[in-house]
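A structural walkthrough
The lines below spell out each chain.
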Amino acid sequence: MAAFIVRMGPLLVLWLAVFLSGTWAVDRGNFKTCDQSAFCKRQRALKPGQSPYRALLETLELTNTKLTLQLINDNNKVRLLLELYRLQGNMTRVKINELKPLKPRFEVPDVLINNPPTEPLSLLSQDENGVVLSLGADSQWLIVSAKPFRLDIMEGREVLLSLNSRGLLAFEHLRIRKDTQVDPEGAEKKEETDAANEQAEGETAKEDGMWEETFKSHTDNKPNGPSSISLDFSLPGVEHVYGIPEHADSLKLKTTDGGDPYRLFNLDVFQYELFNPMALYGAIPVMLSHSAQRTMGIFWLNAAETWVDISSNTAGKTVFGQMLDYVQGSSETPQTDVRWISESGIIDVFIMLGPTPTDVFSQYASLTGTQAFPPLSALAYHQCRWNYNDQEDVAAVDQGFDEHDIPYDFIWLDIEHTDGKRYFTWDPHKFPQPKDMLQGLMDKRRKMVTIVDPHIKVDSSYKIHNEIRSKGFYVKNKDGGDYEGWCWPGNSGYPDFTNPEMRAWWASMFAYDQYEGSMENMYTWNDMNEPSVFNGPEVTMHKDALHGNWENRDLHNLYGLYVQMATAEGLIERSGGVERPFVLTRAFFAGSQRYGAVWTGDNTAEWEHLKISIPMCLSLGLVGVSFCGADVGGFFKSPSTELLVRWYQTGAYQPFFRAHAHLDTPRREPWLFGPENTALIREAVRQRYALLPYWYQLFYHAHHSGQPVMRPLWVEYPQDTATFSMDDQFLLGRDLLVHPVTEEGGRGVTAYLPGKGEVWFDVHTFQKHNGAQNLYIPVTISSIPVFQRGGSIIPRKARVRRSSSCMEHDPYTLFVALSPKRFAQGELYIDDGHTFNFDKQKQFIHRRLSFANKALSSRNLAPGSQFITPSWIEKIVILGASKPSKATLKTPDGKENLLEFEFDASMSVLTLRKPGVNAGVDWTVVLQ
């Protein structure tokens, strides 16, 4: 570490000395609270119930696609323009902007996958108090009240959601600073501006931070002055809201009364704290509300720093108080109120009306796209640390997995593999022959990930820097020069990824003839892309840095999305558009799911960090990002052996499965903790590999429909209130329930098995349990409590090999878990595992597996698809079965074969051996 620091320059040495000293904990003083953020403090000081905004009904215009209406602030006479759209799929879009801004305000590009298609609105009634519009299906109405302005969305007589019901709409209009005022073009414009400015300056004369503010040693100059926006939403009947990642907090969002709001501002937070609303690496401004009656979503499309306040009329009540309400028949309806506050931009909000969780997922996917379909190998196990030392170290680790019979697919290289932190290069002494190293992995059908960060060493001998500078592709500072800050290489420039020309050039750098030493089995990791600036305010870029004509303050949360977008495009281009990419990102925004995977950042080897990985990934899944995981073992500090084993057992059942560790931690490859613990880790990893066919199938559906892979129980049991706050267990798809052991010294867990009238089967013992109960499960260090839902069929591969690619053509085992009605359904999805041919050429197999009337059958779900697999069905295990007298396999050619079987009467498990039928054809097994 010392030699590493010496190479990085004196300023960075000082920064690292502070950053890495002490207790390895976040310094909260490095990051703003709401009171330290001028716009948040101003907005939060507004009191509810005093809205100055009035709808000017005489300005209403209704076309086939939208309603427009002017709003006026009666305090300062500034007018706003409201645009309202009814969108296909039971959604409503509301946009509010200044009617005549001094200059354009930022509107988020590139996040929506298209211009959302609209449906006609119809005017039902209008008077001096407001208008009523029909939203079409299911007796839905939209009521616009004029004074004060308010929107209510109703279904029949029930209010689903209200906007500005508390009067917290606030829109800081652009203005000219009085002491530097230059006449705007046109006398009329000047007159309007002066009048508005006089009122506005009077309103906020006592407020600091309008034109500049200082945090610690950094001053943020604001040439556009105050420009923040705010809007409140009320959700009657709702007590549970979720989403707005990323926060290290419970799945159910907490009320923020008396504390800070949840913050959305992409930041490099060193060893983050748990259970607080501080900003982290990513920001997805999407919130879901859920009750037993309905699920809805709010998508606040704004990429500036954003704060979200949540309050509830039931939050402060004790259990006794709630019981008293029940006994006394209190008529108070539960309600959650949410307020969004952003520093700049416009109000652009999508209201997704559900009504089911599945509907909301589909609605959001129709706006921002679905999860990228990863190569199958990316769903396997990844081995990483900062850093594997050299080529010999990589070869030794690779060999260690083989010697200890532990499968893995990817080995990762962190920043030390480069030549002096110059990305797209290799250290000539440690990695002199990267192609030889990659070829050695390829010979074993394994792969590598190398890190490529978006801070570029300022060095005139570095090709990447010279090209970016010569093309003018760096982010600029407020004076027009290239913005520079400190990061791992020392003095660094930051490419402007908001520029499509920059992204195209960056993508071209991944070509095999540009990225020397790269091969087709090498993929990419984008870290530090918040962006991280060690000597910047809050360890990130100055807000007055310029991306073309826009300030970083307008689009900050988009930066990481653009980095991953450009990198993913580069991996696609290098293969001529044939191969699916794999790109991991730390920073993200709405729409990032289209480009790859995310992880939960720099966690710690502590039990609480293991536990928090579950709600953090569940929250991401709810807002489109299914490909989520946490560093197994914890990035900082050293886990106890028990914690490491439990983390492997948990990680094996989370979507992205990677072990990672800090440079200064002791090595922790899976075989370094004694043979007993090696065996436990091996078993956890092997369980992951056996289940890869099911994982792949879930990601196929996530890609096609936007349904989360890892999901809270309430998604599948939306009326079961017992599930609404659960975040220590989860479902994979519909059919696997996982309750990891996350307590030190745990001797048992209590799992909730949902579904009245349903049954669940322990996947290890095949023991059957009834649904709608809390089940206490004694555990040992080898236990991973997992249950398969009765009524499901799950494919597995029992022959676990050194990598997933080595298992490509291996046979399948089908696990059929019968429902109480002796019925089950499932699917089998197969393609080549790595190209886009499944989409472009319809080369895939997708089959429906059904058990009914004592017959198990496989039928084609995609008649137009074409793909041939050598894989066959090796075994069928039926749970909850009765003993047949015989089992017959029937194939389309009319052949019938008797099958060998075994029946365990004590567990009611029927095992059919070697049906021998190809996995891609129709067949039926009849039990008699």
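Keep in mind the model is a prediction, meaning the values are calculated, not measured.

Calculation notes
- Residues numbered from 1 in each chain as written.
- Predicted model: local features only at pLDDT ≥ 70, side-chain atom pairs only at ≥ 80, totals over all residues.
- Heavy atoms only, no water.
- Helix = DSSP H or I, 4+ residues; strand = E, 2+ residues; numbered from the N terminus.
- Rg over C-alpha atoms; globule rule 2.2 N^0.38 Å.
- Contact = heavy atoms within 4.5 Å.
- Areas by Shrake-Rupley, 256 points an atom, 1.4 Å probe, with all protein chains shown as cover.
- Buried < 20%, exposed > 50% of the residue type's maximum accessible area, 1.4 Å probe, protein only.
- Pairing = 2+ DSSP bridges.
- Polar contact = N/O pair within 3.5 Å; in protein donor to acceptor, adjacent residues only side chain to side chain.
- 1 Å grid on protein atoms, 1.4 Å probe; cavity = no way out; pocket = protein on both sides within 12 Å on 5 of 7 lines; lining within 4 Å.
- Points joined across faces, edges and corners; volume = space filled by probe spheres on them.
- Nonpolar A, V, L, I, M, F, W, Y, C, P; charged D, E, K, R; others polar.
- Core = buried A, V, L, I, M, F, W, Y, C linked by side-chain atoms within 4.5 Å.
- pLDDT = per-residue confidence, 0-100.
- Salt bridge = Lys/Arg side-chain N within 4 Å of Asp/Glu carboxyl O.
- Axes fitted to C-alpha atoms, helices over the stretch in contact; angles between N-to-C directions.
- Parallel < 35°, antiparallel > 145°, perpendicular 65-115°, else oblique.
- Expected span 1.5 Å × (residues − 1).

Before going further, it helps to spend a moment on the overall build of the chain. The helix and strand inventory of the chain stands at 18 helices and 54 strands. Against the globule reference of 30 Å for 928 residues, the chain gives a C-alpha radius of gyration of 29 Å, in line with a compact fold. Along the first, second and third principal axes, the C-alpha set of the chain runs to 90 × 70 × 55 Å. Expressed as a percentage of contacts within the chain between residues at least 6 apart in sequence, the contacts between residues at least 24 apart total 72%. Total accessible area computed for the chain in this model is approximately 33800 Å², and 50% of it derives from carbon and sulfur atoms.

What follows concerns unusual backbone geometry. The linkage connecting Gly354 with the following residue, Pro355, adopts the cis geometry, with an omega of 15 degrees. Assignment of secondary structure puts Pro355 in the loop between strand E21 (347-352) and helix H6 (357-368). Going from Glu530 to Pro531, the amide bond is cis rather than trans, its omega being 5 degrees. Within the element layout of this structure, Pro531 appears in the loop between strand E28 (522-526) and strand E29 (546-547). One non-glycine residue with positive phi stands out, namely Lys77, at about 65 degrees. Judged by its relative accessible area of 53%, Lys77 is exposed. One non-glycine residue, Asp110, lies in the positive phi region at around 70 degrees.

Once that is clear, we can look at the sheet that holds strand E36 (residues 710-711). Pairing is antiparallel in the open sheet, where six strands are placed in the order E36-E37-E38-E43-E40-E41. Two strands close off the open sheet at either side, each with one partner strand: E36 and strand E41 (768-770). With three bridges joining them, strand E37 (residues 730-732) and strand E38 (residues 736-738) adopt antiparallel strand pairing. Pairing of Phe730 across the sheet is with Val738, part of E38.

This next bit is on helix H10 (residues 500-508). Restricting attention to buried positions, one finds in H10 the residues Met502, Arg503, Trp505, Trp506 and Ala507. For H10, the secondary structure elements touched by its buried residues are strand E25 (456-457), helix H9 (463-470) and helix H12 (559-574). For H10, the N-terminal capping position is held by Asn499, with its side-chain oxygen 2.9 Å away from the main-chain nitrogen of Glu501.

Glancing now at the layout of surface pockets. Its volume calculated, the largest pocket comes out at about 690 Å³. Together, 38 residues line the largest pocket, and Ser805, Glu808, Asp832, Gly833 and His834 are the ones closest to its centre. Of all the secondary-structure elements, those providing two or more residues to the lining of the largest pocket are H12, helix H16 (692-705) and strand E46 (824-830). In terms of residue count, H16 provides more of the lining of the largest pocket than any other element does, three residues in total. Considering only residue class, the lining of the largest pocket consists of 17 nonpolar, 10 polar and 11 charged.

Okay, the sheet that holds strand E32 (residues 597-599) next. Pairing is parallel in the open sheet, where nine strands are placed in the order E33-E32-E31-E28-E24-E23-E22-E35-E34. Both edges of this open sheet fall to strand E33 (628-629) and strand E34 (631-632), since each of them pairs with a single strand only. Of the strand pairs in this sheet, E28 and strand E31 (residues 583-585) are connected by three bridges, and their pairing is parallel. Each residue of the ladder has a partner; that of Thr524, found in E31, is Val583.

Once that is clear, we can look at empty space enclosed by the protein. All told, the structure shown has eight cavities of 30 Å³ or more when counted by the stated rule. Estimated volume of the second largest cavity: approximately 140 Å³. In terms of lining, the second largest cavity is formed by 14 residues, of which the most central are Lys32, His218, Asp220, Pro537 and Lys543. When contributions to the lining of the second largest cavity are tallied by element, the ones reaching two or more residues are strand E12 (212-215) and strand E13 (218-221). The greatest single-element share of the lining of the second largest cavity, amounting to three residues, is contributed by E13. Classifying every residue of the lining of the second largest cavity gives four nonpolar, four polar and six charged.

We now examine the nonpolar core. Counting 175 residues, the largest nonpolar core has Phe299, Trp506, Phe582, Tyr648 and Leu732 as its most contacted members. Those residues in contact with Phe299 that lie beyond four places of it in its chain are Val111, Leu112, Pro285, Val286, Asp348, Val349, Phe350, Met352, Tyr364, Leu367, Thr368 and Ala590. Formed by 50 residues, the second largest nonpolar core is a distinct cluster that contains Leu69, Ile153, Leu163 and Leu169.

Summarising the element assignment, Asn221 is placed in strand E13. Put simply, Asn221 and Gly209 are 12 residues apart on the chain and 9.2 Å apart in space, counted from C-alpha to C-alpha.

Looking now at the confidence of the model for the chain. For the chain, the mean per-residue pLDDT works out to 93, and 92% of the residues sit at or above 70. Considering only residues more than four positions removed or in separate chains, one finds that residues 1-23, a stretch of pLDDT under 50, has 34 contacts. Here residues 200-206 scores under 50 on pLDDT; set against residues more than four positions off or in separate chains, the count is 10 contacts.

For the rest of this paragraph, the subject is the pattern of salt bridges. One pass over the full model with this rule turns up 55 salt bridges. Two residues, Arg580 and Asp831, come together in a salt bridge whose shortest N-O distance is 3.4 Å. Pair noted here: Arg580 is in the loop between H12 and E31 and Asp831 is in the loop between E46 and helix H18 (837-840), with a separation of 251 residues, a long-range link. When sorted by exposure, Arg580 lands in the same class as Asp831, which is buried. The shortest N-O distance in the salt bridge between Lys890 and Glu896 comes to 3.9 Å. Members of the salt-bridge network, linked through shared partners, are Asp220, Arg263, Glu305, Glu343, Glu538, Lys543, Glu551 and Arg553.

Secondary-structure assignment places Tyr242 in strand E15 (residues 240-243). Measuring from C-alpha to C-alpha, the distance between Tyr242 and Ser230 comes to 20 Å, with 12 residues separating the pair along the chain. Every residue in contact with Tyr242, bar those within four places of it in the chain, is listed here: Leu251, Lys252, Leu253, Val286, Met287, Leu288, His290, Leu622, Trp714 and Phe724. A polar contact is formed between the side chain of Tyr242 and the backbone oxygen of Phe724, at a distance of 2.5 Å.

Packing of helix H14 (residues 641-651) against helix H15 (residues 675-690) leaves a shortest axis separation of 8 Å and a crossing angle of 10 degrees. In terms of orientation, H14 lies roughly parallel with respect to H15. Residue-level contacts link Thr641, Leu644, Val645, Tyr648, Gln649 and Gly651 of H14 to Asn677, Leu680, Ile681, Ala684, Val685 and Arg688 of H15. In terms of residue class, the contact of H14 with H15 is built from seven nonpolar, four polar and one charged.

This part covers helix H7 (residues 391-403). Taking 1.5 Å per residue, 13 residues should reach 18 Å; H7 reaches 18 Å between its end C-alpha atoms and fits that length. Taken as a whole, H7 has its buried residues at Gln391, Asp393, Val394, Val397, Asp398, Gly400 and Phe401. Residues of H7 that are buried make contact with strand E22 (381-383), strand E23 (410-413), helix H8 (434-443) and strand E24 (447-451). Of the residues flanking the start of H7, the one acting as N-cap is Asp390, its side-chain oxygen 3.2 Å from the backbone nitrogen of Glu392. Just downstream of H7 lies Asp405, where phi reads positive at about 55 degrees.

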